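Listed below are the residues making up each chain.
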Amino acid sequence: MRIDIDRDVCIGAGQCALTAPRVFTQDDDGFSMLLPGREDGGGDPMVRQAARACPVSAITVTAAAR
C-alpha cells in the first residue's frame, strides 16, 4: 500500500499516531509523519482506520502499484 500525508492540510491532531502508532508519529511541530521503514504501512491493519480518523482527511491510503 502507499500512504501519502498532505502536510499542507495536516493540523497535527495526532489521531493517526494514536490509531496506528507503529506506522505514524508526529514531528517536532506536531505534524503527522511516517515512521522510518513504515512507508508502506508495514502490514499494520490499522493504517486505513488511522486515515479515516484524520479530522481533515490529510492521509490517503492507496493500493500499491504492481
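Here's a quick rundown of the structure.

The rules behind each value
- Residues numbered from 1 in each chain as written.
- Predicted model: local features only at pLDDT ≥ 70, side-chain atom pairs only at ≥ 80, totals over all residues.
- Heavy atoms only, no water.
- Patch = residues over 30% accessible without salt bridge, like charges linked within 9 Å, V, L, I, M, F, W, Y side chains within 5 Å.
- Areas by Shrake-Rupley, 256 points an atom, 1.4 Å probe, with all protein chains shown as cover.
- Salt bridge = Lys/Arg side-chain N within 4 Å of Asp/Glu carboxyl O.
- Buried < 20%, exposed > 50% of the residue type's maximum accessible area, 1.4 Å probe, protein only.
- Helix = DSSP H or I, 4+ residues; strand = E, 2+ residues; numbered from the N terminus.

### Structural notes on a nonpolar patch on the surface
No. 1: Side chains of Val-9, Ile-11 and Val-56 sit close together on the surface and give an oily, nonpolar patch of about 220 Å² of accessible area.
No. 2: Judged by its relative accessible area of 54%, Ile-11 is exposed.

### Here's the deal with the environment of Asp-28
No. 1: If you trace the backbone, Asp-28 turns up in the loop between strand 2 (24-26) and strand 3 (32-34).
No. 2: Since its relative accessible area comes to 85%, Asp-28 is described here as exposed.
No. 3: Put simply, Asp-28 and Val-47 are 19 residues apart on the chain and 22 Å apart in space, counted from C-alpha to C-alpha.

Purely spatial values, then, with no claim about function.
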